[in-house]
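# Reading the structure
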Amino acid sequence: GIYTASSSPCFEALVALSTTNATGTIAIVGISGGGFTGKDYGPTDANLAALHGNFFVATSGQSNWVAVLKPSAGTASRYVNTGVPSTTAQLSPQKLTGCVAPVGNGTFFAKYWIDGKVVGTNLSPAVSGIDGMTPQVSVGAQAAGLAKLMYFTYYRSWWNLTTKY
């Protein structure tokens, strides 16, 4: 059937994380909601735990991009290690893409691509719907100190109204 805009969000971003290592770096790219309060707009461990959405995350402790699906607050996150390193040369950005589609019984299926290659899928627990989400491209430090740089070329999001996975 045809999906509603609130049930089938997709995103695509062209980014490159610096190869210069910085302890405590965390980067998030995708569509997310919740988790960021007050003046704390950078990603931290506490914010990541509270965040819901469909996104990629990378940390200095995890060298690969990890695809995350958490359709609404209060549900368990589903993680997939993509096996693709998150650090690239500044002039070699990676195209990160993710889409979600409902599959019935309140569950959602997510598919992830890096540079056009499928790198993972996720199936959510049953939920009543996807909570409100906004575009997210951010990099920050998990603790005191400096984070890696993220080079950002573009971001786009859309509602996938016709495709079933």
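The shown structure was predicted, so the numbers you read here are calculated from the model rather than taken from an experiment.

## Some thoughts on the overall build of the protein
In terms of helices and strands, the protein carries one helix and ten strands. Reading the helices (α) and strands (β) of the protein from amino to carboxyl end gives β-β-α-β-β-β-β-β-β-β-β. Taken over 165 residues, the protein has a buried fraction of 50%. Put simply, 60% of the contacts in the protein that link residues at least 6 apart link residues at least 24 apart. Total accessible area on the protein stands at roughly 7700 Å², and carbon and sulfur atoms take up 56% of it.

## Quick look at the state of the cysteines
Cysteine pairs can be covalently joined through their sulfur atoms, and such a bond is termed a disulfide. For the structure shown, the criterion picks out one disulfide. Sulfur-sulfur distance for the disulfide between C10 and C99 comes to 2.2 Å. What sets the handedness of the C10 and C99 disulfide is the S-S torsion sign, and at about 125° it is right-handed. Separated by 89 residues along the polypeptide, C10 in strand β1 (residues 9-17) and C99 in strand β6 (residues 94-104) bring together distant segments of the chain. Note on accessibility: C10 and C99 belong to one class, buried.

Here is what the cut-offs are and how they apply
Residues numbered from 1 in each chain as written. Predicted model: local features only at pLDDT ≥ 70, side-chain atom pairs only at ≥ 80, totals over all residues. Heavy atoms only, no water. Helix = DSSP H or I, 4+ residues; strand = E, 2+ residues; numbered from the N terminus. Buried < 20%, exposed > 50% of the residue type's maximum accessible area, 1.4 Å probe, protein only. Contact = heavy atoms within 4.5 Å. Areas by Shrake-Rupley, 256 points an atom, 1.4 Å probe, with all protein chains shown as cover. Disulfide = S-S within 2.5 Å.

In short, shape yes, function no, at least from these values alone.
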